[in-house]
Amino acid sequence: MAENYIAINWNAIEDQIDKATWEKLTEQFWLDTRIPVSNDLDDWRSLTKDEQWVVGHVFGGLTLLDTLQSQDGMRSLMDNIRTQQERAVLNNIQFMESVHAKSYSTIFSTLNTPSEIDEIFDWTNSNEHLQYKANRINDIYQTGSPLEKKIASVFLETFLFYSGFFTPLYYLGNNKLTNVAEIIKLIIRDESVHGTYIGYKFQLGFNELPQDEQDKLKDWMYDLVYDLYSNEEGYTNDLYAKTDWTEEVLTFLRYNANKALMNLGQDPLFPDTAADVNPIVMNGISTSTANHDFFSQVGNGYRLGEVEAMSDDDYKFD
Ligand SMILES: [Fe+2]
Ligand SMILES: [Fe+2]
């Protein structure tokens with residue numbers, strides 16, 4: 001006789017963070033198809049060819065990372081859950097990763113020609129640094145320990161995405177491509193919750209380890225962040241070669257690497273703070289995601305829930 005199959009009981013919550021996260025994520029549910037990206041076509045046509053190239057390939061790279069999260073990332077985390085509610089939260093996250101991955105295609109189909117889209121996907125599926133990043137993280141998902149998998153997921157979502165997020169935030173800070181940026185801000189809002197939640201689950205397991213194992217894992221984690229950062233320098237050079245933004249993107253990346261380490265309960269590594277990041281990008285990130293123009297553009301048929309840009313301080317668990 002097999003063991004009894006246990007029904008999930010939301011009236012007997014083992015960890016209140018599971019319930020709070022479920023509620024937050026379901027409240028902020030959204031779909032790409034409800035954002036009027038075509039309203040950005042005038043802005044798009046005003047960009048130079050080089051600027052259009054950067055935007056398209058930024059979103060190619062982000063598509064790959066969200067594909068990884070939706071196909072392998074959350075599935076690998078599901079192998080090592082502490083509660084049944086944690087599994088439910090990961091189910092929600094996994095679906096939203098598919099929404100994220102699809103949303104870039106909504107942007108492509110509005111702004112790019114079919115041959116441009118083909119070229120973007122060819123580049124994405126073969127760029128050396130982008131492939132290194134995806135495969136480095138996926139190897140950990142496939143063969144890492146439960147805690148290593150959580151580190152990989154938090155590094156991917158709170159750190160590695162930001163070489164791409166820089167571009168739409170920069171344009172938003174300049175009041176351009178605001179509907180495209182609306183999608184990106186909804187993604188960033190989701191990732192902020194994902195990174196905090198998975199970081200919290202990591203800390204529960206990490207704190208149970210004896211000191212020597214904690215030290216060993218810490219060394220592994222900092223080696224990984226260095227390795228990923230040095231690859232990200234190469235990726236940023238590839239992606240931003242046609243601009244003079246490379247140094248600013250790297251500053252933004254180091255700032256977000258620190259945030260990823262903090263989600264994991266660790267000390268920041270780099271000296272960079274919010275004050276070092278280009279204020280135009282910080283301006284973009286702090287803009288409320290739902291603006292009045294946005295409401296008037298979408299009309300009465302759909303009302304986006306009350307949407308606030310999230311900072312890490314907005315989502316403290318204690
Ligand atoms: Fe995502
Ligand atoms: Fe995520």
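Each value, and the rule that gives it
- Every chain is numbered independently, its residues counted from 1 as its sequence is written.
- Each chain is given a letter, starting from A, and each ligand a number, starting from 1, according to the order in which they appear as written.
- Residues qualify for local features only when their pLDDT is at least 70, as the model is predicted, and side-chain atom pairs are given and counted only at 80 or more; totals for whole chains, interfaces and linings, by contrast, use all residues.
- UniProt positions are given in the numbering used here, feature names are shortened, and annotations may be inferred rather than shown by experiment.
- Every C-beta atom is placed from the backbone, and the number of other C-beta atoms within 10 Å of a residue's own sets its class: buried at 20 or more, exposed at 12 or fewer, partly exposed in between.
- The helix and strand labels rest on DSSP assignments: H or I over at least four residues marks a helix, E over at least two residues marks a strand, and numbering proceeds from the N terminus.
- Given a helix with a known number of residues, its expected span is that number minus one, times 1.5 Å.
- Contacts are defined on C-beta atoms placed from the backbone: any two residues whose C-beta positions lie within 7 Å are in contact.
- Angular values range over 0 to 180 degrees, each being the angle between N-to-C directions of two axes fitted as lines to C-alpha atoms, with helices fitted over their stretch in contact.
- Any angle that falls under 35 degrees is termed roughly parallel, while one over 145 is termed roughly antiparallel, one within 65 to 115 roughly perpendicular, and all others oblique.
- Two helices that cross are described as forming a left-handed crossing if the nearer one is turned anticlockwise from the farther one by less than a right angle, and a right-handed crossing if clockwise.
- Joined through C-beta atoms within 7 Å, a set of buried Ala, Val, Leu, Ile, Met, Phe, Trp, Tyr and Cys residues constitutes a nonpolar core.
- Residue classes follow a fixed rule: Ala, Val, Leu, Ile, Met, Phe, Trp, Tyr, Cys and Pro count as nonpolar, while Asp, Glu, Lys and Arg count as charged, and any other residue, Gly among them, counts as polar.
- Confidence of the prediction at every residue is given by pLDDT, a number between 0 and 100.

In the nomenclature of an unreviewed UniProt entry, the protein corresponds to Ribonucleoside-diphosphate reductase subunit beta from the organism Lacticaseibacillus yichunensis. Annotation of the protein in UniProt includes, under Subunit (unreviewed entry), the sentence "Tetramer of two alpha and two beta subunits."

Let us look at unusual backbone geometry. With a phi angle near 60°, Asn175 is a residue other than glycine that sits in the positive phi range. Judged by C-beta crowding, with 12 C-beta atoms within 10 Å, Asn175 ranks as exposed. One non-glycine residue, Leu177, lies in the positive phi region at around 50°. Relative to the elements of secondary structure, Leu177 occurs in the loop between helix 8 (162-173) and helix 9 (178-207).

Here we take up helix 8. Between its terminal C-alpha atoms helix 8 stretches 15 Å, which fits the 16 Å expected from 12 residues at 1.5 Å a residue. Across the 12 residues that make up helix 8, a large majority, 11, are buried. Where helix 8 is concerned, the buried positions are Tyr162, Ser163, Gly164, Phe165, Phe166, Thr167, Pro168, Leu169, Tyr170, Tyr171 and Leu172. Packing partners of the buried residues in helix 8 comprise helix 3 (49-77), helix 7 (146-160), helix 9, helix 10 (211-240), helix 11 (246-263) and helix 12 (279-286). Looking one or two places after helix 8, you find Asn175, whose phi comes out positive at around 60°.

The subject of this paragraph is the packing of helix 3 against helix 7. Contact geometry of helix 3 with helix 7 gives a least axis separation of 10 Å together with a crossing angle of 155°. Classified by the angle their axes make, helix 3 and helix 7 are roughly antiparallel. In this structure, the crossing between helix 3 and helix 7 has a hand that is left-handed. Of the residues in helix 7, those touching helix 3 at Leu65, Gln69, Gly73, Ser76 and Leu77 are Lys149, Lys150, Ser153, Leu156 and Leu160.

This part is about the environment of Phe121. Positionally, Phe121 belongs in helix 5 (residues 114-124). Each C-alpha atom, one on Phe121 and one on Gly61, is 8.8 Å from the other, the two residues being 60 residues apart in sequence.

Looking now at the nonpolar core. With 80 residues, the main nonpolar core has Leu65, Ile107, Ile151, Phe155, Phe166, Leu169 and Phe252 as its most contacted residues. The contacts of Ile151, once residues within four sequence positions are left out, are Phe202, Met221, Leu224 and Leu264.

With that settled, consider the packing of helix 1 (residues 16-27) against helix 4 (residues 84-111). Helix 4 packs onto helix 1 with a crossing angle of 20° between their chain directions and a minimal axis gap of 9 Å. Of the possible angle classes, the one that applies to helix 1 and helix 4 is roughly parallel. You can see that helix 1 and helix 4 cross each other, and the crossing is left-handed. The segment helix 1 lies against helix 4, with Asp18, Lys19, Thr21, Trp22, Leu25 and Thr26 engaging Gln85, Glu86, Ala88, Val89 and Asn92. Class assignment for the residues of the contact of helix 1 with helix 4 results in four nonpolar, four polar and three charged.

Moving on, we get to the confidence of the model for the protein. Parts of the model with low pLDDT should not have their predicted coordinates read in detail. Mean pLDDT over the protein: 91, with 90% of residues reaching 70 or higher. Note that residues 314-318 has pLDDT below 50 and, in this model, six contacts with residues that lie over four places away or in other chains.

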